[in-house]
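As a plain string of letters, each chain reads:
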Amino acid sequence: MRKSIWVTSLLCVLATGQVVAQPTDDAMREYEQAMELTPNLENGKKVYRICSVCHTPEGWGLESGAYPQVAGQLPTVLIKQLADIRARNRDNPTMLPFTSPNLLGGAQDIADVAAYISQLPMSPYNGVGHGNDLEWGEKLYKDNCTECHGELGEGDLEDHIPAIYGQHYRYLLRQFEWIKIERRRNADKKMVKQIHNFTHRDIRAVLDYVSRIRPPKEKIAKEGWRNPDFPNFARPAHLHSGAGYAIDKRPGRPMRPE
Ligand code: HEC
Ligand code: HEC
């Protein structure tokens, strides 16, 4: 079996004169292409229409963590994640069909939608954890995460390290666990090593702390803000929008912060 795979690979190399492209190569190529283009916000808005169905018109996702907050994320991170998801270098079966070239477009559209999303103001509220182990969480954060994600969880534009402040706790939890068990294929190898010995308690404490770091004031939307680019968006009935953001009212959801 092994031998036949090896022989097939060799034949591919001989036939094409090069090694068959891996998902990481495809993603890397698209990332580099998109990074060279000048983004067009008007087109980004058009592309975002299809994304808004899940990520909401504001880009705030859901407190339940089913959909992440993408608003305010660094553009390089958005471009990398889109390229990775599309090349299947990060599994996301829910979103994958919407990243096909006929729906999402090419590298220019990726650059445009990333620029559009990154300038959206972030939710004044996001899902947080239980709040009873925050001192431990802060210590773990300072000892293990600041080197890459920054003192305040702001990430790094140049190295496409995600901003993690203001993200929904349950989304952070899912990604962190997937990174730890190496289910998220595009994970940073050094991060995997760094969190190798984290216990259940450690994971909950550090992510609760992260979910409560407030992004800078100028990045946060005013109370009651709605994205005026999508005036006719129909919100599902379980999302109550009266308090100025979508609160997931189903039982068992995390509470909004004080
Ligand atoms: C059908 C629902 C759906 C649609 C439509 C959708 N997404 Fe997503 N998206 C998701 C889900 C679910 C996740 C999180 C998957 C996970 O937990 O790994 C996600 C994750 C992401 C992430 C990664 C965020 C992070 O912090 O790592 C980005 C970026 C993103 N989506 C952008 C987009 C853009 C841009 C579009 C439109 C072109 C879009 N999405 C359309 C469901 C959707
Ligand atoms: C050596 C650098 C490094 C360290 C240390 C590190 N991370 Fe990461 N982390 C990354 C990179 C890079 C990514 C994005 C990988 C990719 O491209 O998908 C990431 C992704 C994440 C994500 C997923 C974000 C998203 O939007 O999907 C979470 C959550 C996270 N890190 C939390 C942490 C926490 C908490 C710590 C400390 C306990 C930590 N990381 C330590 C580099 C690091």
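Predicted, not measured: the structure shown is a model, and the values here were computed from it.

Let's talk about the site of ligand 1
Link 1 in the chain: Around ligand 1, 20 residues are found, and the nearest of them are Cys51, Cys54, Gln81, Met95 and Phe98.
Link 2 in the chain: Contributing elements (two or more residues each) for the shell around ligand 1: α3 (41-55) and α4 (75-86).
Link 3 in the chain: Ranked by residue count, the leading element in the shell around ligand 1 is α3, at 6 residues.
Link 4 in the chain: A class-by-class count of the residues in the shell around ligand 1 yields 15 nonpolar, 4 polar and 1 charged.

Remarks on the UniProt feature "binding site: heme c 1" (unreviewed entry) in the chain
Link 1 in the chain: Mapped onto the present numbering, the UniProt feature "binding site: heme c 1" (unreviewed entry) falls at Cys51, Cys54, His55 and Met95. Taken together, the annotated residues stretch across 45 residues yet fold into one region, lying no more than 10.5 Å apart by C-alpha.
Link 2 in the chain: Structurally, cysteine 54 is set in helix α3.
Link 3 in the chain: Note on placement: methionine 95 falls in the loop between α4 and α5 (101-104).

Focus: unusual backbone geometry
Link 1 in the chain: Backbone geometry at histidine 160 places phi at a positive 40°, although glycine is not the residue there.
Link 2 in the chain: Its place among the elements puts histidine 160 in the loop between α8 (146-149) and α9 (169-180).
Link 3 in the chain: Of note, the phi angle at glutamate 182 is positive, near 60°, even though the residue is not glycine.
Link 4 in the chain: By the secondary structure assignment, glutamate 182 is in the loop between α9 and α10 (189-194).

A few points about the UniProt feature "binding site: heme c 2" (unreviewed entry) in the chain
Link 1 in the chain: Those places that UniProt annotates as "binding site: heme c 2" (unreviewed entry) correspond, in this numbering, to Cys145, Cys148 and His149.
Link 2 in the chain: Counting through the fold element by element, cysteine 145 comes out in the loop between α7 (134-144) and α8.
Link 3 in the chain: Classification of cysteine 145 by C-beta neighbours within 10 Å gives partly exposed; the count is 19.
Link 4 in the chain: Note on placement: cysteine 148 falls in helix α8.
Link 5 in the chain: With sequence-adjacent residues up to four places away left out, cysteine 148 is seen in contact with Ile161 and Met191.

A few points about the nonpolar core
Link 1 in the chain: Counting residues in hydrophobic clusters, the biggest one holds 42 residues, and the most contacted among them are Ile79, Ile110, Val113, Ala114, Ile117 and Val210.
Link 2 in the chain: Where this core is concerned, the elements lending two or more residues are α2 (23-35), α3, α4, α6 (107-118), α7, α9 and α11 (200-211).
Link 3 in the chain: Top contributing element to this core by residue count: α6, with 7 residues.
Link 4 in the chain: Sequence-distant contacts of isoleucine 79, that is, excluding residues within four places in its chain, are made with Tyr31, Ala34, Met35, Ile110, Ala111 and Ala114.

Re the site of ligand 2
Link 1 in the chain: Taken together, 22 residues lie near ligand 2, and Cys145, Cys148, Asp188, Lys190 and Met191 sit nearest.
Link 2 in the chain: Sorting the residues of the shell around ligand 2 by element identifies α7, α8, α9, α10 and α11 as the ones contributing at least two each.
Link 3 in the chain: When grouped by side-chain class, the residues that make up the shell around ligand 2 number 13 nonpolar, 5 polar and 4 charged.

Calculation criteria
- Residues numbered from 1 in each chain as written.
- Chains lettered and ligands numbered in written order.
- Predicted model: local features only at pLDDT ≥ 70, side-chain atom pairs only at ≥ 80, totals over all residues.
- Near = placed C-beta within 6 Å.
- Helix = DSSP H or I, 4+ residues; strand = E, 2+ residues; numbered from the N terminus.
- Nonpolar A, V, L, I, M, F, W, Y, C, P; charged D, E, K, R; others polar.
- UniProt positions renumbered as here; feature names shortened; annotations may be inferred.
- Buried ≥ 20, exposed ≤ 12 C-beta atoms within 10 Å, placed from the backbone.
- Contact = placed C-beta atoms within 7 Å.
- Core = buried A, V, L, I, M, F, W, Y, C linked by C-beta atoms within 7 Å.

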